[in-house]
Structure formats: structure tokens, C-alpha cells
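Architecture at a glance
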Amino acid sequence: MSESEDEGWGPLAHEMHLEVSAYFAALSEVTSGEAPDSALPVLLLAVGQLCGAGARIGALVDVVPEERFEPDAGPDHDLERLREKLHGLLGGLDSYCDLEDPILSGEVTDGSLSADLVAIAADLAHGQVHYEAGHETEAMWWWQFSYLGSWGERASSALRVLHTLLAHVRLDADDEDVMEAELAALHAVDALD
């Protein structure tokens, strides 16, 4: 009997594996530089989807692997190049104000969107290695543990920053440009009638 049949985490681990793969695909798409105008919407969707997946595994009962030690997953992925690409793409939009701990401390700290996105990727990649090695329960344990301990908070912060950036891009348009767009839309509606 396999580990996933014993523990029953196989289907959920597979769903999380798909979410992790989608997150990595989005990061790859954004850092390719082929469509810089879609970077914010793609990142917003990817991180938002990941927040939903994280909330699902965070709300589960604690995943406890049979063995009380983590099998060696091999060396960690070197994600510095990914961080550099994201930092270069985001430019001056990379830094933001963050709260150290909104419950225990009101201390304001500096945050980095590229660092958050890569820290999330590092935690997810570690679990992905376990999943791909056939250790589904271990992967679920790692994803849940690291969600509650680190990447969930980073994903929530990144989601808020991405939402704010996209809102500024879309809503802080020049009044004259907005008026021209509204007039063009009205004329288009009039032409249909």
C-alpha cells in the first residue's frame, strides 16, 4: 500500500501540485519579458489562486507524516536569478511598506515584492520535490507547514501589493484620457442604437 493510500492525502496533494505548477508557469511567463504589460494581472491571478489553495490546506487538520523526520529532498533550488529578473521587471514598484506582525506588533517594515514571490517559490519547490519523489504526505505536510509558517503570509502581502499596484495603474488615469474614453464609449453605444 502506498503512502498516499495510507494517509489519504493523494488527491489533495495532486491538486496542490497543480496549483504549484501553475504558480511556477506564471512566474516563468512574467520573467520571460515577452508581455511586460500583462505582468501585474498575471501575477495577481497566480498569487490569488495560490492564496486560495493555501487557505484550503491551512484549514485542514494537521498533516502528520508517518515518519518524524523529513526525507532529504536534495539541494534547494537556486532562485536568485528569478528574483533578479522579477526585481528588474518591477523596478521602482518592487519595494513596499509592510507590517512585521499585524497582531503582535504594529512595526512597519520594508517589503519587496520580488523577494516575496521568490520566497513563496522556494517553499513551494521544496514540497514539490517531495511530491515528485512520490512522498505525497510529506509534500502536503511541507506545503501546510510552510503555508502557516511563511509563504501564506508572504502570498497575502504580495496579493495586497499586486492588487494595489494594479488599481493604481487602472484607476489613476489622467482625467482627460478617462473623459475621452467615456465619450468614445458613449458614441459607440449611440451608434448601436
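Below you will find a few notes about this structure. (Residues numbered from 1 in each chain as written. Predicted model: local features only at pLDDT ≥ 70, side-chain atom pairs only at ≥ 80, totals over all residues. Heavy atoms only, no water.)

Right, let's get into the nonpolar core. One finds Met16, Tyr23, Leu117, Leu124, Trp143 and Trp151 to be the most contacted residues of the largest nonpolar core, which totals 43 residues. Breaking this core down by element, the ones donating at least two residues are helix H2 (10–31), helix H3 (39–59), helix H4 (80–90), helix H5 (113–132) and helix H6 (136–171). If you tally residues by element for this core, the top one is H6, at twelve residues. For Leu117, the residues in contact, after removing those within four places along its chain, are Tyr23, Leu27, Leu43, Val47, Leu86 and Ala158. (Core = buried A, V, L, I, M, F, W, Y, C linked by side-chain atoms within 4.5 Å. Buried < 20%, exposed > 50% of the residue type's maximum accessible area, 1.4 Å probe, protein only. Helix = DSSP H or I, 4+ residues; strand = E, 2+ residues; numbered from the N terminus. Contact = heavy atoms within 4.5 Å.)

Tallying each qualifying case throughout the model produces five salt bridges. In this structure, Arg56 engages Glu19 in a salt bridge whose closest nitrogen and oxygen atoms are separated by 3.6 Å. Within this pair, whereas Arg56 is found in helix H3, its partner Glu19 is found in helix H2, the two being separated by 37 residues in sequence. Its relative accessible area of 17% is what places Glu19 among the buried residues. Taking the shortest distance from any N to any O, the salt bridge between Asp98 and Arg154 comes out at 3.0 Å. Taken together, the residues Asp98 in strand E1 (residues 95–101) and Arg154 in helix H6 connect sequence positions 56 residues apart. Of the residues examined, Asp98 reaches a relative accessible area of 14% and is grouped as buried. (Salt bridge = Lys/Arg side-chain N within 4 Å of Asp/Glu carboxyl O.)

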